[in-house]
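# Chains, contacts and geometry: an overview
One-letter residues, chain by chain:
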Amino acid sequence: MLDRNTLSQVLEASRSLHGSGSMSPAALLTIAKHLEPRNPRYTVETGTGASTLIFSQISRDHTVFTVNTDGSMNALLASPLLRRDTTKFVEGPTQKTLPLHAFGSKLQAVLLDGPHAYPFPDLEYFYLYPHIQENGLLIIDDIHIPSIYNLFRFLCKEEMFRLLEVSGKTAFFARTASPVFDPWSDGWWLQEFNRRVLRRYSLQDRLKSVIPLRWRPRLRTLSDGVRLWYRGSN
């Protein structure tokens, strides 16, 4: 277990490690709270910051996918709180590095905190979710950003994950025993998030379902005629 003094030093270091801002102290402490009982061997993080220091202290094999545009990786490498023996860095945009990486073992924890622009959080999720083991931890940071909030909303309904808690702008999920959703198929209708289609776009389909089959060809012909007439009059 991380001692109080080490955690205090991590919280203090978090205020200067990352130029674009750091995870809240409450969220950092929540990472430690959920990581320690899992005694993780293999963990992954996209992006880097004070959370990396906590992962390096608890995980036995932590991989960080990050870029060094603001010097955050250099600052971490210089920190005495980073355990270099447990942590390795894969430098480059996750859009390029994650698809090329071979994951040899199941992951006990994953933190998504890489690029925030759409669709990159979803892309990171796509390449990492099949590797999270049952009861493994999935952490999503910055859910106040709409592109990431969309992923958060999806995960709240996804049967593969169970929401544990939200700490500030950071959400914590646990992997359930549900089978891995096949990443190379479709099956959108099997996902709870997609069970209810948007009514304003599906009204025509619902109306069709109440029209007797023998009337439908004639109505389609009439409908096409109206469309073509309208197109020609404009």
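Scroll up a little and you will see the structure.
Given the structure is predicted, the values throughout are model-derived calculations rather than measurements. (Residues numbered from 1 in each chain as written. Predicted model: local features only at pLDDT ≥ 70, side-chain atom pairs only at ≥ 80, totals over all residues. Heavy atoms only, no water.)

What follows covers the packing of aromatic side chains. Two measures describe an aromatic ring pair: the distance that separates the ring centres and the angle between the ring planes. Counted by the stated rule, this structure contains 10 aromatic pairs. Where Phe65 meets Phe103, the ring centres are 6.2 Å apart and the plane angle is 50 degrees; that geometry is what we call tilted. Residue Phe65 is found in strand 2 (residues 61–66), and its partner Phe103 is found in the loop between helix 5 (94–100) and strand 4 (107–112); the two are separated by 38 residues along the sequence. With relative accessibility at 0%, the residue Phe65 sits in the buried group. The buried category is assigned to Phe103, whose relative accessible area is 18%. (Phe/Tyr/Trp six-rings, centres within 6.5 Å; stacked < 30°, edge-to-face > 60°. Helix = DSSP H or I, 4+ residues; strand = E, 2+ residues; numbered from the N terminus. Buried < 20%, exposed > 50% of the residue type's maximum accessible area, 1.4 Å probe, protein only.)

Ile31, Leu35, Leu53, Ile54, Phe55 and Ile139 are the most contacted members of the largest nonpolar core, which has 25 residues in total. At the level of secondary structure, the elements contributing two or more residues to this core comprise helix 1 (4–17), helix 2 (25–35), helix 3 (50–58), strand 4 and strand 5 (132–141). Counting 23 residues, the second largest nonpolar core, distinct from the first, contains Leu128, Leu138, Ile143 and Ile148. (Core = buried A, V, L, I, M, F, W, Y, C linked by side-chain atoms within 4.5 Å.)

The next thing to look at is helix 6 (residues 120–128). Within helix 6 the residues assigned to the buried category are Pro121, Glu124, Tyr125 and Leu128. Buried residues along helix 6 cover an arc of 100 degrees about the axis, so they all sit on one side. Against strand 1 (42–46), helix 5, strand 4, strand 5, helix 7 (146–157) and strand 6 (161–167) lie the buried residues of helix 6. (Arc of directions from axis to C-beta. Contact = heavy atoms within 4.5 Å.)

Another point: the packing of helix 2 against helix 3. Two elements in contact, helix 2 and helix 3, have axes whose closest approach is 10 Å; the angle formed by their N-to-C orientations is 20 degrees. Here helix 2 is positioned roughly parallel relative to helix 3, judged by the angle of their axes. Viewed along their axes, helix 2 and helix 3 form a crossing whose handedness is right-handed. Listed contacts from helix 3 to Leu28, Ile31, Ala32 and Leu35 of helix 2 are Ala50, Ser51, Ile54, Phe55 and Ile58. Across the contact of helix 2 with helix 3, the residue classes tally to 8 nonpolar, 1 polar and no charged. (Axes fitted to C-alpha atoms, helices over the stretch in contact; angles between N-to-C directions. Parallel < 35°, antiparallel > 145°, perpendicular 65-115°, else oblique. Left-handed = near helix turned anticlockwise from the far one by under 90°. Nonpolar A, V, L, I, M, F, W, Y, C, P; charged D, E, K, R; others polar.)

Our next topic: the pattern of salt bridges. A complete count under the given rule lists 5 salt bridges for this structure. Between Arg15 and Glu12 there is a salt bridge; the shortest N-O distance is 3.5 Å. You can see Arg15 and its partner Glu12 sitting in helix 1, 3 residues apart, about one turn around the helix. Summarising the burial analysis for this pair, Arg15 and Glu12 share the class exposed. With a closest N to O distance of 2.6 Å, Lys33 and Glu165 form a salt bridge. Taken together, the residues span a long stretch of sequence, with Lys33 in helix 2 and Glu165 in strand 6 at a distance of 132 residues. (Salt bridge = Lys/Arg side-chain N within 4 Å of Asp/Glu carboxyl O.)

Turning to a nonpolar patch on the surface, a few remarks are in order. Together, Trp188, Trp189, Leu190 and Val197 line one region of the surface with nonpolar side chains, adding up to about 440 Å² of accessible area. Structurally, Trp189 is set in the loop between strand 7 (170–175) and helix 8 (199–209). (Patch = residues over 30% accessible without salt bridge, like charges linked within 9 Å, V, L, I, M, F, W, Y side chains within 5 Å. Areas by Shrake-Rupley, 256 points an atom, 1.4 Å probe, with all protein chains shown as cover.)

Spatial strand order, 3-2-1-4-5-7-6: 7 strands in an open sheet with mixed pairing. Lying at the two open borders of the sheet, with one neighbouring strand each, are strand 3 (87–91) and strand 6. The mean inter-strand angle of the sheet, taken between neighbouring strand axes irrespective of direction, is 15 degrees. Bridging between strand 2 and strand 3 involves 5 bridges; their strand directions are parallel. (Pairing = 2+ DSSP bridges.)

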